[in-house]
Amino acid sequence: MKRRSRSLVHATDAATYVNAFALTGIVTVLATRAFLALAGYPKLGGSGGSRLHIAHMLWGGLLMAAAILLTLGFLGRAARLTGAVVGGAGFGLFIDEVGKQITDEPGYFYQPAAGIIYLSFASLLLLTHLIRGRTADASALDARQRTAHAADHALAGVVTGLTAEQRQAAIRLVEGSGREVDAALVRLLAALPERPPAAPARGRTVRCGRCGGWRVRGWCWARPCSAC
């Protein structure tokens, strides 16, 4: 078990993806409940006899499966972020019908279901905080983790290029370590194409070049590093 746990390394911007997953799920639950209330809780089928009802929990399962396939089938942070958003929407549709899985009556309107939904998303946001605490301080990473994080930056740079700030942040992770693999990573990071930084604009969402967190109007809502 110890050997297996040592093989797992948190992604550099894991907190960003978990946050995106949780927030998308919250929005999905609110939007679904609002739509169903406005539409009068419609069901597919005729007026007589039993009606066919395709629970939106099933659509949630399909979206979560699509998110898993996205992250398994594609490389890069764009695939991770897309998977987080699609998976978050699927989880929102899934957890919204938790009341039906606990009791038959009153099913969807089972009052404790609201508390279960709230606790589910509160747990996800707490998980974001815990992950951020483990990845925010680069000095707390061991040599293996620093190498893995630098390689993750390099992989992203192969696809989209790196800004000067992102390049320097990745190089600082492994520079001067004396390890051959780290020296190779420094050469790769230096050779990657440069991407101009996003121009700051009022109300625009940009990424922090050091930690990958999201900043809106200059404020980093994830607060994963001192630069934010």
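Caption draft 1: Highlighting the packing of aromatic side chains. On inspection of all chains with the given rule, the structure shows three aromatic pairs. Both rings, one in F91 and one in F121, keep their centres 5.6 Å apart while their planes meet at 85°; by these two values the pair is edge-to-face. Taken together, the residues span a long stretch of sequence, with F91 in helix 4 (residues 77–96) and F121 in helix 6 (residues 112–135) at a distance of 30 residues. For F91, a relative accessible area of 16% puts it in the buried group. A relative accessible area of 5% places F121 in the buried class. Ring-pair connections join several aromatic residues into one group, and the members of that group are F21, F91, F94 and F121.

Caption draft 2: Structural detail: the side chain of T163. Relative to the helices and strands, T163 is located in the loop between helix 7 (143–160) and helix 8 (164–174). In this structure, T163 is in contact with R195, P196 and P197, ignoring residues within four places of it in sequence.

Caption draft 3: Examining the environment of E97 more closely. Secondary-structure assignment places E97 in the loop between helix 4 and helix 5 (98–102). Judged by relative accessible area, E97 falls into the buried class, the value being 2%. For the pair formed by E97 and H56, sequence separation is 41 residues and the distance between their alpha carbons is 7.6 Å.

Caption draft 4: Inspection of the pattern of salt bridges at higher detail. Going through the model one piece at a time under the given rule, you end up with seven salt bridges. Between E194 and R167 there is a salt bridge whose closest N-O contact spans 3.9 Å. Residue E194 is located in the loop between helix 9 (180–191) and strand 1 (205–207), and its partner R167 is located in helix 8; the two are separated by 27 residues in the primary sequence. Since its relative accessible area comes to 55%, E194 is described here as exposed. Residues participating in the shared-partner salt-bridge network are D13, R77, R80 and D152.

Caption draft 5: Inspection of the packing of helix 3 (residues 56–73) against helix 4 at higher detail. In contact at an axis separation of 7 Å, helix 3 and helix 4 are set at 160° when each is read in the N-to-C sense. Taken together, helix 3 and helix 4 sit at an angle that is classed as roughly antiparallel. Crossing of helix 3 over helix 4 shows left-handed handedness. On helix 4, the residues that touch H56, M57, W59, G60, L63, M64, A66, A67, L70 and T71 of helix 3 are A79, R80, T82, G83, V86, G87, A89, G90, F91, L93, F94 and D96. When grouped by side-chain class, the residues that make up the contact of helix 3 with helix 4 number 13 nonpolar, seven polar and two charged.

Caption draft 6: Region of the structure containing the side chain of R77. Inspection of the secondary structure puts R77 in helix 4. A distance of 3.2 Å separates polar atoms of two side chains, one belonging to R77 and the other to H153.

The rules we used
- Residues numbered from 1 in each chain as written.
- Predicted model: local features only at pLDDT ≥ 70, side-chain atom pairs only at ≥ 80, totals over all residues.
- Heavy atoms only, no water.
- Phe/Tyr/Trp six-rings, centres within 6.5 Å; stacked < 30°, edge-to-face > 60°.
- Helix = DSSP H or I, 4+ residues; strand = E, 2+ residues; numbered from the N terminus.
- Buried < 20%, exposed > 50% of the residue type's maximum accessible area, 1.4 Å probe, protein only.
- Contact = heavy atoms within 4.5 Å.
- Salt bridge = Lys/Arg side-chain N within 4 Å of Asp/Glu carboxyl O.
- Axes fitted to C-alpha atoms, helices over the stretch in contact; angles between N-to-C directions.
- Parallel < 35°, antiparallel > 145°, perpendicular 65-115°, else oblique.
- Left-handed = near helix turned anticlockwise from the far one by under 90°.
- Nonpolar A, V, L, I, M, F, W, Y, C, P; charged D, E, K, R; others polar.
- Polar contact = N/O pair within 3.5 Å; in protein donor to acceptor, adjacent residues only side chain to side chain.

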